[in-house]
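Summary of the model geometry
Here's the letter readout for the chains.
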Amino acid sequence: MAIIVHSGTLDKLYPVFMLASTGGSMDMDVHLFFTFWGLNALKKGGMESAKLPGVMSLGTGMMKGKIKSVGVPSLPELLEMTRMTEKVTIYACSTTMAMMDVPKEQLIPEVDEIVGAASFLAIAMDADVQLFI
Amino acid sequence: MIVSDIKIDLELDCKGMFCPMPIVQLKKATKNMKPGQVLRLVATDPGSKRDVPAWADKTGNEILDSREEVKEFMFIIKVN
């Protein structure tokens, strides 16, 4: 499974990490390519500060409270679960890093590789599931 | 084989958990089990009714028995 993670908002990052942790648990090779706003999630503290999009961002706290109350893991916890499966690879888009002035040191250590579009396409060509989130 | 005679090596209680947790817990638990060992999973997430068989199908593990009781789903899974 190959996913382009384009969005950095809470509502989009949840499906990404739910699919990644489940896919890894199903022994699928999962490749997550973080680009544009998605890259924010890979910055240190980025996952914790992800908000709902637009005007809904005001309701982020309420949504997080609801997520917690039903026992759904937080994004950092889901990230940890993807690592546990040892099947999920995390890529940061090199161009986005340059565009948004994000040096490697600002990224979380879970980032496996810094790559460009060709690397993602080579992986996506061989993947049965390709998503853009 | 009579299902009630099966020796359960590991009990996995996923009651109260929602997707993706039961599947992640299943992976975590079976990772440390030996081929031929048997796990019993109980979950309350309605999604697990189809999710657990899908997981077993893709990972090559075998569901020996499954039962649905009031708001509970039970699976007996042989690890391969």
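This text goes with the structure placed above it.
Residues numbered from 1 in each chain as written. Chains lettered and ligands numbered in written order. Predicted model: local features only at pLDDT ≥ 70, side-chain atom pairs only at ≥ 80, totals over all residues.

**A word on unusual backbone geometry**
Residues and elements named next belong to chain B. Worth spelling out the cut-off: Going along the chain from the N terminus, every DSSP run of H or I of four or more residues is numbered as a helix, and every run of E of two or more is numbered as a strand.
A cis amide bond links Cys-19 to the next residue, Pro-20, at an omega of 5 degrees. For Pro-20, the location among the structural elements is in the loop between β1 (10-14) and α1 (21-31). With phi around 60 degrees, Lys-71 is a residue other than glycine that occupies positive phi space. With respect to the helices and strands, Lys-71 occurs in the loop between β3 (62-69) and β4 (72-78).

**So, the interface of chain A and chain B**
Put simply, the test is: Each residue gets a C-beta atom placed from its backbone, and two residues are in contact if those atoms lie within 7 Å. Residues are grouped as follows: Ala, Val, Leu, Ile, Met, Phe, Trp, Tyr, Cys and Pro are nonpolar; Asp, Glu, Lys and Arg are charged; every other residue, Gly included, is polar.
At the interface, 13 residues of chain A touch 14 residues of chain B. Those elements giving two or more residues to the side of chain A that touches chain B turn out to be α1 (10-25) and α3 (75-85) of chain A. Ranked by the residues each element gives to the side of chain A that touches chain B, the list is headed by α1 of chain A, at four residues. Among the residues making up the side of chain A that touches chain B, the classes are represented as seven nonpolar, five polar and one charged.

**Observations regarding the sheet that holds strand β1 (residues 2-5) of chain A**
Residue and element names in this part refer to chain A. Which entries qualify depends on this criterion: We call two strands paired when DSSP finds no fewer than two bridges between them. Interaxial angle, 0 to 180 degrees, is taken between N-to-C directions of lines fitted to C-alpha atoms, where a helix line uses only the stretch in contact.
Sheet architecture is open: five strands sit in the order β4-β3-β2-β1-β5, paired in parallel fashion. Two strands lie at the open edges of the sheet, namely β4 (113-115) and β5 (130-132), each paired on one side alone. Averaged over all neighbouring strand pairs, the angle between strand axes comes to 25 degrees, with direction disregarded. Of the pairings in the sheet, the one linking β1 to β5 comprises three bridges and is parallel in character. When the bridges of β5 are listed, Ala-2 appears paired with Gln-130. Along the sheet, helix α5 (residues 117-125) makes contact with β1, β2 (30-34), β3 (88-93), β4 and β5, crossing β1 at roughly 145 degrees.

**With respect to α1 of chain B**
This is how it is decided: With C-beta atoms placed from the backbone, the exposure class of a residue follows from how many other C-beta atoms lie within 10 Å of its own: 20 or more, buried; 12 or fewer, exposed; in between, partly exposed.
Of all the positions in α1 of chain B, only Met-21, Pro-22, Ile-23, Val-24, Leu-26, Lys-27 and Thr-30 of chain B are classed as buried. Buried residues along α1 of chain B sit against α1 and α3 of chain A together with β1, β2 (38-43) and α2 (48-59) of chain B.

**What to know about the packing of α1 of chain A against α3 of chain A**
Residues and elements named next belong to chain A. So the rule is basically this: When describing relative orientation, an angle under 35 degrees is termed roughly parallel and one over 145 degrees roughly antiparallel, while 65 to 115 degrees is termed roughly perpendicular and anything else oblique. Rotating anticlockwise by less than a right angle from the far helix to the near helix defines a left-handed crossing, while the corresponding clockwise rotation defines a right-handed one.
Here α1 crosses α3 at 25 degrees, and the two axes come no closer than 8 Å. By the criterion of interaxial angle, the relationship of α1 to α3 is roughly parallel. Regarding α1 and α3, the two cross each other, and that crossing is left-handed. Residue-level contacts link Leu-13, Phe-17, Met-18, Ala-20, Ser-21, Gly-24 and Ser-25 of α1 to Leu-75, Leu-78, Leu-79, Met-81, Thr-82 and Thr-85 of α3.

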